Amino acid sequence: MIDQALIDKINSVLAEEFEVEIERIIPEAPLMQTLDLDSLDLVDMVVLIEHNFGFTVVAKDFVGIKTFNDFYHYINNRLNEKGAPE
Amino acid sequence: MKKGHPNDWSGKSRGGSAGYLVFVFLLKRLGLSAAYLLLAFVVLYFIPFAPSSTKSVWFYSRRILGNSVISSLIFLYRNYYNLGVALIDKTAASSGLYDKFTFIFDEPTDVKEILSGSSGAIIIGAHFGNWEVGAPYFGKYGKRMNVVMMDAEYRNIKNILEKENKIGAFSVIPVSEESLDHVFIIRDAIARGEYVALQGDRLTINGKNIKIPFLGRVAPFPQGPFVLASRTEAPVIFYFAIREGFRRYRFVFKLFNADNTSRRKGGELKILESYKMELERVVKSAPEQWYNFYKFWL
(Lines give C-alpha, C1' and ligand atoms only; values in the text may rest on other atoms or scores of the structure.)
Protein backbone atom coordinates (compact mmCIF):
# COMPACT_ATOMS: atom_id res chain seq x y z
CA MET A 1 0.00 0.00 0.00
CA ILE A 2 1.39 3.36 -1.01
CA ASP A 3 0.94 6.34 1.24
CA GLN A 4 -1.53 8.81 -0.29
CA ALA A 5 0.73 11.72 0.69
CA LEU A 6 3.46 10.25 -1.51
CA ILE A 7 1.04 9.85 -4.43
CA ASP A 8 -0.10 13.45 -4.00
CA LYS A 9 3.49 14.68 -3.97
CA ILE A 10 4.35 12.70 -7.11
CA ASN A 11 1.27 14.00 -8.91
CA SER A 12 2.01 17.53 -7.87
CA VAL A 13 5.63 17.58 -9.08
CA LEU A 14 4.75 15.83 -12.35
CA ALA A 15 1.90 18.24 -13.08
CA GLU A 16 4.08 21.25 -12.39
CA GLU A 17 7.15 20.03 -14.27
CA PHE A 18 5.37 18.76 -17.37
CA GLU A 19 2.58 21.34 -17.34
CA VAL A 20 -0.43 19.02 -17.32
CA GLU A 21 -3.64 19.37 -15.36
CA ILE A 22 -3.34 17.34 -12.18
CA GLU A 23 -6.80 15.85 -12.80
CA ARG A 24 -5.44 14.01 -15.82
CA ILE A 25 -2.98 12.14 -13.65
CA ILE A 26 -4.81 8.99 -12.61
CA PRO A 27 -3.24 5.64 -11.65
CA GLU A 28 -4.32 3.74 -14.75
CA ALA A 29 -3.39 6.45 -17.25
CA PRO A 30 -0.33 5.90 -19.45
CA LEU A 31 2.58 7.93 -18.09
CA MET A 32 4.44 8.80 -21.31
CA GLN A 33 1.36 9.76 -23.33
CA THR A 34 -0.35 11.71 -20.56
CA LEU A 35 2.73 13.79 -19.86
CA ASP A 36 3.64 13.91 -23.58
CA LEU A 37 7.18 12.71 -22.86
CA ASP A 38 9.89 11.82 -25.32
CA SER A 39 13.43 10.63 -24.64
CA LEU A 40 14.68 14.19 -24.09
CA ASP A 41 11.93 14.90 -21.56
CA LEU A 42 13.07 11.84 -19.66
CA VAL A 43 16.24 13.78 -18.84
CA ASP A 44 14.00 16.18 -16.94
CA MET A 45 12.19 13.24 -15.37
CA VAL A 46 15.49 11.88 -14.04
CA VAL A 47 16.42 15.29 -12.60
CA LEU A 48 12.94 15.68 -11.11
CA ILE A 49 13.06 12.30 -9.37
CA GLU A 50 16.55 12.79 -8.00
CA HIS A 51 15.86 16.31 -6.73
CA ASN A 52 12.48 15.56 -5.18
CA PHE A 53 12.99 12.06 -3.83
CA GLY A 54 16.70 11.99 -3.11
CA PHE A 55 17.86 8.79 -4.80
CA THR A 56 19.88 8.15 -7.93
CA VAL A 57 18.03 6.89 -10.98
CA VAL A 58 19.65 4.22 -13.15
CA ALA A 59 18.80 3.32 -16.74
CA LYS A 60 17.03 0.05 -15.99
CA ASP A 61 14.64 1.81 -13.60
CA PHE A 62 12.42 2.91 -16.46
CA VAL A 63 11.91 -0.58 -17.84
CA GLY A 64 8.34 -1.71 -17.21
CA ILE A 65 6.94 1.64 -16.10
CA LYS A 66 3.87 2.19 -18.24
CA THR A 67 1.22 3.79 -16.03
CA PHE A 68 1.25 6.29 -13.19
CA ASN A 69 0.52 3.39 -10.87
CA ASP A 70 3.75 1.70 -12.01
CA PHE A 71 5.52 4.97 -11.37
CA TYR A 72 4.11 5.33 -7.85
CA HIS A 73 5.30 1.79 -7.04
CA TYR A 74 8.72 2.50 -8.49
CA ILE A 75 9.19 5.63 -6.36
CA ASN A 76 7.80 3.91 -3.29
CA ASN A 77 10.04 0.86 -3.70
CA ARG A 78 13.16 2.94 -4.24
CA LEU A 79 12.38 5.07 -1.20
CA ASN A 80 11.88 1.94 0.88
CA GLU A 81 15.18 0.52 -0.40
CA LYS A 82 16.86 3.76 0.52
CA GLY A 83 15.21 3.62 3.92
CA ALA A 84 14.65 7.32 3.99
CA PRO A 85 11.48 8.77 5.45
CA GLU A 86 9.24 10.39 2.84
CA MET B 1 10.43 23.70 -30.86
CA LYS B 2 9.35 20.72 -32.88
CA LYS B 3 10.42 17.23 -33.64
CA GLY B 4 11.76 16.25 -37.02
CA HIS B 5 12.62 18.51 -39.86
CA PRO B 6 13.23 18.13 -43.58
CA ASN B 7 16.74 19.43 -42.95
CA ASP B 8 17.46 16.50 -40.66
CA TRP B 9 20.85 15.00 -41.03
CA SER B 10 20.75 11.25 -41.69
CA GLY B 11 23.03 10.40 -38.78
CA LYS B 12 25.86 9.31 -41.08
CA SER B 13 28.72 11.52 -42.22
CA ARG B 14 29.70 11.69 -45.88
CA GLY B 15 32.50 9.38 -46.95
CA GLY B 16 32.84 5.71 -46.28
CA SER B 17 35.45 3.63 -44.56
CA ALA B 18 37.26 2.96 -47.88
CA GLY B 19 38.02 6.65 -48.40
CA TYR B 20 39.23 7.00 -44.85
CA LEU B 21 41.52 4.00 -45.17
CA VAL B 22 43.05 5.35 -48.40
CA PHE B 23 44.19 8.44 -46.54
CA VAL B 24 45.46 6.39 -43.60
CA PHE B 25 47.46 4.30 -46.08
CA LEU B 26 48.88 7.40 -47.79
CA LEU B 27 49.85 9.00 -44.52
CA LYS B 28 51.68 5.93 -43.37
CA ARG B 29 53.47 5.21 -46.64
CA LEU B 30 54.04 8.59 -48.27
CA GLY B 31 53.55 11.19 -45.58
CA LEU B 32 51.42 14.28 -45.08
CA SER B 33 52.42 16.18 -48.23
CA ALA B 34 51.41 13.30 -50.50
CA ALA B 35 48.05 13.08 -48.79
CA TYR B 36 47.46 16.83 -49.26
CA LEU B 37 48.42 16.52 -52.92
CA LEU B 38 46.03 13.64 -53.57
CA LEU B 39 43.34 15.59 -51.79
CA ALA B 40 43.65 18.47 -54.25
CA PHE B 41 42.39 16.09 -56.96
CA VAL B 42 39.89 14.16 -54.86
CA VAL B 43 38.07 17.40 -54.11
CA LEU B 44 37.36 17.85 -57.82
CA TYR B 45 35.47 14.56 -57.75
CA PHE B 46 33.29 15.54 -54.81
CA ILE B 47 32.06 18.81 -56.26
CA PRO B 48 29.93 17.20 -59.03
CA PHE B 49 29.41 13.78 -57.45
CA ALA B 50 28.17 14.95 -54.07
CA PRO B 51 25.38 17.18 -55.44
CA SER B 52 23.37 17.65 -52.27
CA SER B 53 26.49 18.61 -50.30
CA THR B 54 27.62 20.91 -53.09
CA LYS B 55 24.19 22.52 -53.16
CA SER B 56 24.30 23.19 -49.43
CA VAL B 57 27.79 24.72 -49.63
CA TRP B 58 26.66 26.85 -52.55
CA PHE B 59 23.69 28.12 -50.53
CA TYR B 60 25.98 28.84 -47.58
CA SER B 61 28.42 30.78 -49.74
CA ARG B 62 25.89 32.70 -51.84
CA ARG B 63 23.01 33.33 -49.41
CA ILE B 64 24.65 33.32 -46.00
CA LEU B 65 28.08 34.74 -46.75
CA GLY B 66 26.93 36.81 -49.72
CA ASN B 67 29.79 35.71 -51.99
CA SER B 68 29.66 36.27 -55.76
CA VAL B 69 29.39 33.36 -58.20
CA ILE B 70 33.14 33.34 -58.88
CA SER B 71 33.99 33.63 -55.20
CA SER B 72 31.52 30.84 -54.44
CA LEU B 73 33.20 28.49 -56.93
CA ILE B 74 36.52 29.10 -55.21
CA PHE B 75 34.85 28.80 -51.81
CA LEU B 76 33.30 25.47 -52.79
CA TYR B 77 36.68 24.03 -53.64
CA ARG B 78 38.30 25.44 -50.49
CA ASN B 79 35.50 24.16 -48.28
CA TYR B 80 35.87 20.57 -49.51
CA TYR B 81 39.65 20.84 -49.48
CA ASN B 82 39.66 22.09 -45.89
CA LEU B 83 37.44 19.22 -44.84
CA GLY B 84 39.92 16.82 -46.41
CA VAL B 85 42.83 18.53 -44.67
CA ALA B 86 40.98 18.25 -41.36
CA LEU B 87 40.51 14.53 -41.96
CA ILE B 88 44.18 14.03 -42.88
CA ASP B 89 45.45 16.11 -39.97
CA LYS B 90 43.36 14.41 -37.34
CA THR B 91 44.48 11.04 -38.65
CA ALA B 92 48.12 12.17 -38.63
CA ALA B 93 47.86 13.68 -35.16
CA SER B 94 46.20 10.62 -33.69
CA SER B 95 48.90 8.47 -35.32
CA GLY B 96 51.50 10.23 -33.21
CA LEU B 97 52.69 12.84 -35.72
CA TYR B 98 52.07 15.65 -33.25
CA ASP B 99 55.48 17.20 -33.76
CA LYS B 100 54.46 18.02 -37.35
CA PHE B 101 51.92 20.51 -36.07
CA THR B 102 51.87 23.82 -34.21
CA PHE B 103 49.10 24.21 -31.66
CA ILE B 104 48.17 27.52 -30.09
CA PHE B 105 45.94 27.58 -27.04
CA ASP B 106 43.38 30.32 -26.45
CA GLU B 107 42.65 29.04 -23.00
CA PRO B 108 41.34 31.56 -20.47
CA THR B 109 42.26 31.15 -16.80
CA ASP B 110 38.75 30.09 -15.77
CA VAL B 111 38.81 27.28 -18.34
CA LYS B 112 42.26 26.16 -17.19
CA GLU B 113 41.07 26.00 -13.60
CA ILE B 114 38.12 23.83 -14.52
CA LEU B 115 40.07 21.51 -16.78
CA SER B 116 42.74 21.00 -14.16
CA GLY B 117 40.22 20.63 -11.31
CA SER B 118 38.52 17.48 -10.12
CA SER B 119 35.07 18.03 -11.61
CA GLY B 120 33.91 16.71 -14.94
CA ALA B 121 32.94 19.05 -17.75
CA ILE B 122 30.63 19.19 -20.74
CA ILE B 123 32.55 20.27 -23.84
CA ILE B 124 30.36 21.56 -26.68
CA GLY B 125 31.97 21.81 -30.10
CA ALA B 126 30.78 22.04 -33.69
CA HIS B 127 31.33 20.61 -37.15
CA PHE B 128 33.81 23.36 -37.67
CA GLY B 129 37.60 23.37 -37.93
CA ASN B 130 39.05 20.18 -36.57
CA TRP B 131 38.03 19.50 -33.00
CA GLU B 132 39.39 15.95 -33.01
CA VAL B 133 42.93 17.14 -33.63
CA GLY B 134 42.83 18.66 -30.14
CA ALA B 135 41.02 15.80 -28.41
CA PRO B 136 44.24 14.13 -27.16
CA TYR B 137 45.24 17.48 -25.61
CA PHE B 138 42.51 17.05 -22.99
CA GLY B 139 44.36 13.97 -21.80
CA LYS B 140 47.13 16.13 -20.37
CA TYR B 141 44.88 16.76 -17.37
CA GLY B 142 44.64 13.01 -16.83
CA LYS B 143 40.93 12.81 -17.50
CA ARG B 144 39.12 10.65 -19.97
CA MET B 145 37.38 12.20 -22.98
CA ASN B 146 34.01 10.75 -23.94
CA VAL B 147 32.59 11.75 -27.29
CA VAL B 148 28.82 11.62 -27.78
CA MET B 149 28.06 10.39 -31.28
CA MET B 150 24.98 9.35 -33.23
CA ASP B 151 24.72 5.57 -33.21
CA ALA B 152 24.66 5.31 -37.03
CA GLU B 153 27.81 7.41 -37.33
CA TYR B 154 29.52 5.41 -34.60
CA ARG B 155 28.72 2.11 -36.32
CA ASN B 156 30.14 3.60 -39.52
CA ILE B 157 33.56 4.38 -38.05
CA LYS B 158 33.78 1.79 -35.25
CA ASN B 159 35.56 -0.80 -37.38
CA ILE B 160 38.05 1.80 -38.59
CA LEU B 161 38.76 3.03 -35.08
CA GLU B 162 39.30 -0.52 -33.90
CA LYS B 163 41.45 -1.43 -36.88
CA GLU B 164 43.62 1.65 -36.49
CA ASN B 165 43.76 1.16 -32.73
CA LYS B 166 42.27 4.63 -32.17
CA ILE B 167 39.44 3.37 -29.99
CA GLY B 168 41.53 4.09 -26.90
CA ALA B 169 42.09 7.78 -27.76
CA PHE B 170 38.62 8.57 -26.42
CA SER B 171 35.48 6.71 -25.48
CA VAL B 172 32.41 6.97 -27.68
CA ILE B 173 28.96 7.29 -26.14
CA PRO B 174 26.54 6.22 -28.88
CA VAL B 175 23.18 7.97 -28.93
CA SER B 176 20.14 6.10 -30.14
CA GLU B 177 16.62 7.45 -30.49
CA GLU B 178 15.22 4.28 -28.96
CA SER B 179 17.23 4.29 -25.78
CA LEU B 180 17.88 6.56 -22.86
CA ASP B 181 21.07 4.80 -21.84
CA HIS B 182 23.31 7.61 -23.08
CA VAL B 183 21.81 10.02 -20.54
CA PHE B 184 22.98 7.79 -17.70
CA ILE B 185 26.36 7.07 -19.29
CA ILE B 186 26.97 10.82 -19.68
CA ARG B 187 25.93 11.51 -16.10
CA ASP B 188 28.15 8.72 -14.77
CA ALA B 189 31.14 9.99 -16.79
CA ILE B 190 30.66 13.51 -15.40
CA ALA B 191 30.38 12.09 -11.88
CA ARG B 192 33.73 10.34 -12.38
CA GLY B 193 35.25 13.74 -13.23
CA GLU B 194 35.59 13.00 -16.96
CA TYR B 195 34.93 15.19 -20.00
CA VAL B 196 31.93 14.63 -22.22
CA ALA B 197 32.14 16.19 -25.68
CA LEU B 198 29.03 16.93 -27.73
CA GLN B 199 28.49 18.66 -31.04
CA GLY B 200 26.00 21.48 -30.74
CA ASP B 201 25.24 22.10 -34.40
CA ARG B 202 23.92 18.86 -35.85
CA LEU B 203 20.27 17.85 -35.93
CA THR B 204 19.24 14.27 -35.36
CA ILE B 205 16.40 12.35 -36.96
CA ASN B 206 13.16 13.15 -35.13
CA GLY B 207 15.16 15.11 -32.60
CA LYS B 208 13.75 18.27 -31.08
CA ASN B 209 15.25 21.49 -32.29
CA ILE B 210 15.37 25.14 -31.35
CA LYS B 211 15.21 27.70 -34.12
CA ILE B 212 17.37 30.77 -33.69
CA PRO B 213 19.02 33.24 -36.08
CA PHE B 214 22.53 32.13 -37.00
CA LEU B 215 24.70 34.24 -39.32
CA GLY B 216 21.66 36.31 -40.19
CA ARG B 217 19.20 33.56 -41.06
CA VAL B 218 17.08 31.25 -38.91
CA ALA B 219 18.48 27.77 -38.42
CA PRO B 220 17.35 24.85 -36.26
CA PHE B 221 19.84 23.70 -33.64
CA PRO B 222 19.52 20.39 -31.78
CA GLN B 223 17.95 20.69 -28.37
CA GLY B 224 19.49 17.54 -26.90
CA PRO B 225 23.09 18.68 -26.24
CA PHE B 226 21.89 21.86 -24.55
CA VAL B 227 19.30 20.10 -22.40
CA LEU B 228 21.98 17.67 -21.24
CA ALA B 229 24.39 20.53 -20.58
CA SER B 230 21.70 22.45 -18.71
CA ARG B 231 20.63 19.62 -16.42
CA THR B 232 24.04 18.36 -15.36
CA GLU B 233 25.79 20.19 -12.58
CA ALA B 234 29.02 20.19 -14.58
CA PRO B 235 30.69 23.28 -16.04
CA VAL B 236 30.03 23.84 -19.76
CA ILE B 237 32.92 24.78 -22.04
CA PHE B 238 32.64 25.70 -25.71
CA TYR B 239 35.61 24.42 -27.69
CA PHE B 240 36.68 24.97 -31.31
CA ALA B 241 39.88 24.08 -33.17
CA ILE B 242 40.57 26.48 -36.05
CA ARG B 243 43.11 25.69 -38.75
CA GLU B 244 45.13 28.88 -39.11
CA GLY B 245 47.67 27.79 -41.65
CA PHE B 246 49.80 24.93 -42.84
CA ARG B 247 49.81 22.38 -39.97
CA ARG B 248 48.90 25.10 -37.54
CA TYR B 249 45.83 25.08 -35.28
CA ARG B 250 44.38 27.40 -32.70
CA PHE B 251 42.28 25.87 -29.91
CA VAL B 252 39.65 28.30 -28.65
CA PHE B 253 37.89 27.73 -25.32
CA LYS B 254 35.10 29.69 -23.68
CA LEU B 255 33.48 28.92 -20.35
CA PHE B 256 29.72 29.28 -20.23
CA ASN B 257 28.72 31.45 -17.27
CA ALA B 258 26.09 29.29 -15.66
CA ASP B 259 23.56 30.57 -13.16
CA ASN B 260 20.47 29.13 -11.50
CA THR B 261 18.25 29.80 -14.50
CA SER B 262 20.54 27.96 -16.92
CA ARG B 263 20.34 24.83 -14.76
CA ARG B 264 16.56 24.65 -14.85
CA LYS B 265 14.04 23.65 -17.49
CA GLY B 266 14.37 26.20 -20.28
CA GLY B 267 18.03 26.82 -19.42
CA GLU B 268 19.03 25.09 -22.65
CA LEU B 269 18.05 28.21 -24.58
CA LYS B 270 20.44 30.33 -22.54
CA ILE B 271 23.33 27.94 -23.20
CA LEU B 272 22.43 27.72 -26.89
CA GLU B 273 22.38 31.53 -27.24
CA SER B 274 25.82 31.77 -25.70
CA TYR B 275 27.12 28.89 -27.84
CA LYS B 276 25.70 30.47 -30.97
CA MET B 277 27.54 33.72 -30.30
CA GLU B 278 30.84 31.89 -29.92
CA LEU B 279 30.17 29.75 -32.98
CA GLU B 280 29.33 32.80 -35.08
CA ARG B 281 32.56 34.43 -33.98
CA VAL B 282 34.76 31.50 -35.03
CA VAL B 283 32.84 30.74 -38.23
CA LYS B 284 33.21 34.37 -39.32
CA SER B 285 36.95 34.07 -38.75
CA ALA B 286 37.21 30.98 -40.99
CA PRO B 287 33.96 30.44 -42.93
CA GLU B 288 35.52 27.79 -45.19
CA GLN B 289 35.98 25.53 -42.15
CA TRP B 290 32.25 25.08 -41.55
CA TYR B 291 31.33 21.49 -42.38
CA ASN B 292 27.59 21.00 -42.28
CA PHE B 293 26.95 19.59 -45.72
CA TYR B 294 23.17 19.57 -45.60
CA LYS B 295 20.42 22.19 -45.72
CA PHE B 296 21.31 23.86 -42.45
CA TRP B 297 19.22 27.02 -42.64
CA LEU B 298 15.46 27.30 -43.09
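The preceding data block contains the structure.
Cut-off values and rules
- Along each chain, residue indices are assigned from 1 in the same order as the chain's sequence is written.
- Written order decides the labels, with chains lettered from A and ligands numbered from 1.
- Reporting of local features is limited, given that this is a predicted model, to residues whose pLDDT is at least 70; pairs of side-chain atoms are given and counted only at 80 or more, and all residues count toward the totals for whole chains, interfaces and linings.
- Going along the chain from the N terminus, every DSSP run of H or I of four or more residues is numbered as a helix, and every run of E of two or more is numbered as a strand.
- Backbone-placed C-beta atoms define the burial measure: a residue is buried with 20 or more other C-beta atoms within 10 Å of its own, exposed with 12 or fewer, and partly exposed in between.
- By definition, residue pairs are in contact when their C-beta atoms, positioned from the backbone, come within 7 Å.
- Only C-alpha atoms enter the radius of gyration; for comparison, a globular chain is expected to reach 2.2 Å times N to the power 0.38, where N is the number of residues.
- Buried Ala, Val, Leu, Ile, Met, Phe, Trp, Tyr and Cys residues form a nonpolar core when they are connected through C-beta atoms within 7 Å.
- Any residue outside Ala, Val, Leu, Ile, Met, Phe, Trp, Tyr, Cys, Pro, Asp, Glu, Lys and Arg is labelled polar, Gly included; the first ten of those are nonpolar and the last four are charged.
- The axes used here are C-alpha line fits, helices contributing only the stretch in contact, and every angle between their N-to-C directions lies in the interval 0 to 180 degrees.
- Angle categories: roughly parallel below 35 degrees, roughly antiparallel above 145, roughly perpendicular from 65 to 115, and oblique for all the rest.
- Should the near helix be turned anticlockwise from the far one by less than a right angle, the crossing is left-handed, and should it be turned clockwise, the crossing is right-handed.
- By definition, two strands form a pair when at least two bridges between them are found by DSSP.
- Between the first and last residue of a helix there are one fewer steps than residues, each counted as 1.5 Å, and that sum is the expected span.
- What the arc measures is the spread of directions leading from the helix axis to the C-beta atoms.

Undergrad: How should I be thinking about the overall build of chain B in this particular structure?
TA: Each helix and strand counted, chain B has 10 helices and 10 strands in total. Out of the 298 residues in chain B, the part that is buried amounts to 40%. Within chain B, contacts between residues at least 6 apart in sequence are counted, and of these 77% link residues at least 24 apart.

Undergrad: Looking at this structure, how should I read the overall build of chain A?
TA: Secondary structure summary: chain A contains four helices and zero strands in total. Seen in sequence order, chain A has helices and strands lined up from the N terminus as α-α-α-α. For 86 residues, the compact-globule estimate of 2.2 N^0.38 gives 12 Å, and the C-alpha radius of gyration of chain A, at 12 Å, lies within 12% of that figure. Structurally, chain A occupies a C-alpha span of about 30 × 25 × 20 Å along its principal axes. By the burial criterion, 17% of the 86 residues in chain A qualify as buried. Residue pairs at least 24 apart in sequence account for 58% of intrachain contacts in chain A once pairs closer than 6 positions are excluded.

Undergrad: Please explain the nonpolar core as it appears in this structure.
TA: The tendency in soluble globular proteins is for nonpolar side chains to be buried side by side. If you look at the biggest cluster of nonpolar residues, it comprises 78 residues, and the most contacted ones within it are I122, I123, V148, V196, I237 and F240 of chain B. Contact partners of I123 of chain B, with chain neighbours within four places excluded, come to Y195, V196, A197, I237 and Y239 of chain B.

Undergrad: Quick question: what am I supposed to make of the interface of chain A and chain B here?
TA: Often, the extent of an interface is quoted as the loss of accessible area on bringing the components together. With 10 residues of chain A in contact, the opposing surface of chain B contributes 12 residues. Grouping the constituent residues of the side of chain A that touches chain B by class yields eight nonpolar, one polar and one charged.

Undergrad: Teacher, can you tell me more about the packing of helix α1 (residues 4-18) of chain A against helix α4 (residues 68-82) of chain A here?
TA: Two quantities define a packed helix pair, namely the angle between the axes and the distance from one axis to the other. Residue and element names in this part refer to chain A. The interhelical angle for the contact between α1 and α4, taken along N-to-C directions, is 115 degrees, at an axis separation of 10 Å. The angle between α1 and α4 places the two elements in the roughly perpendicular class. The hand of the α1/α4 crossing is right-handed. Every residue of α4 that contacts α1 at L6, I7 and I10 is listed here: F71, Y72, I75 and N76. For the contact of α1 with α4, the residue count by class is six nonpolar, one polar and no charged.

Undergrad: What exactly am I supposed to notice about the pairing of strand β9 (residues 236-245) of chain B here?
TA: Residues and elements named next belong to chain B. Of all the 10 residues making up β9, eight are buried; the element is thus mostly covered by neighbouring parts of the structure. In this structure, strand β3 (residues 121-125) lies alongside β9, joined through three bridges in parallel fashion. Its bridge partner being in β9, I122 is matched across the sheet by V236. Bridge count between β9 and strand β10 (residues 248-255): eight bridges; the pairing is antiparallel. Residue pairing for β10: I242 is matched across the bridge by R250. Here β9 folds back onto β10 in antiparallel fashion, the turn holding two residues, of which R247 has a positive phi close to 55 degrees.

Undergrad: Teacher, can you tell me more about unusual backbone geometry here?
TA: The phi torsion at L215 of chain B lies on the positive side, around 55 degrees, for a residue other than glycine. With respect to the helices and strands, L215 of chain B occurs in the loop between β7 (208-214) and β8 (217-222).

Undergrad: Even after reading the chapter, I still don't get the packing of helix α2 (residues 32-49) of chain B against helix α4 (residues 69-94) of chain B, so can you show me in this structure?
TA: Residue and element names in this part refer to chain B. For the pair α2 and α4, interaxial distance at closest approach is 9 Å and the crossing angle is 140 degrees. Viewed along their axes, α2 and α4 adopt a mutual orientation that is oblique. Where α2 crosses over α4, the handedness of that crossing is right-handed. Contacts between α2 and α4 involve L32, A35, Y36, L39, A40, V42, V43, F46 and I47 on the former and, on the latter, L76, Y77, Y80, Y81, G84, V85, I88 and A92. Here the contact of α2 with α4 is built from residues that sort into 16 nonpolar, one polar and no charged.

Undergrad: For this particular structure, what's the right way to read the environment of M45 of chain A?
TA: Residue and element names in this part refer to chain A. Tracing the backbone through its elements, the reader meets M45 in helix α3 (residues 39-53). On the basis of neighbour counts, which here come to 22 C-beta atoms within 10 Å, the residue M45 falls in the buried class. Between the C-alpha atom of M45 and that of K60, which follows or precedes it by 15 residues, the distance is 14 Å.

Undergrad: Looking at this structure, how should I read the environment of V283 of chain B?
TA: Residues and elements named next belong to chain B. Structurally, V283 is set in helix α10 (residues 267-285). We classify V283 as buried; it has 23 C-beta atoms within 10 Å. Separated by 233 residues in sequence, V283 and A50 place their C-alpha atoms 23 Å apart. Dropping the residues within four chain positions of it, V283 is found in contact with F128, L215 and W290.

Undergrad: Could you clarify how one ought to interpret the pairing of β7 of chain B in this entry?
TA: When a strand is regular, its side chains alternate between the sheet's two faces. All names here are of chain B. Relative to β8, β7 runs antiparallel, the two being bridged by six bridges. When the bridges of β8 are listed, K211 appears paired with P220. Between the end of β7 and the start of β8, which pair antiparallel, lie two residues, with L215 showing a positive phi angle near 55 degrees.

Undergrad: In this structure, what is going on with the sheet that holds β3 of chain B? I would like to understand it.
TA: Two modes of strand pairing occur in sheets, parallel and antiparallel, and in both the strands are linked by backbone hydrogen bonds. Residue and element names in this part refer to chain B. Strand order in the open sheet formed by seven strands is β2-β10-β9-β3-β6-β4-β5, and the pairing between neighbours is mixed. In this open sheet, the two strands that pair with only one neighbour each are β2 (102-106) and β5 (171-175). When strand polarity is set aside, the average angle formed by the axes of neighbouring strands in this sheet is 25 degrees. The sheet contact formed by β2 and β10 spans five bridges and is parallel.

Undergrad: Would you take a moment to explain α4 of chain A for this structure?
TA: Because an α-helix completes one turn every 3.6 residues, residues spaced three or four positions apart along the sequence face the same direction. Residues and elements named next belong to chain A. For α4, which comprises 15 residues, the first-to-last C-alpha distance of 21 Å matches the rise-based estimate of 21 Å (1.5 Å per residue) to within 8%. Of the residues making up α4, those classed as buried are F68, F71 and I75. For α4, the angular spread of the buried residues around the axis is 55 degrees, confining them to a single face. In α4, the exposed positions angled more than 90 degrees off the buried face are occupied by N77, N80 and E81. Of the surrounding secondary structure, the elements contacted by the buried residues of α4 are α1, α2 (31-35) and α3. At the exit of α4 stands G83, carrying a positive phi of roughly 75 degrees.

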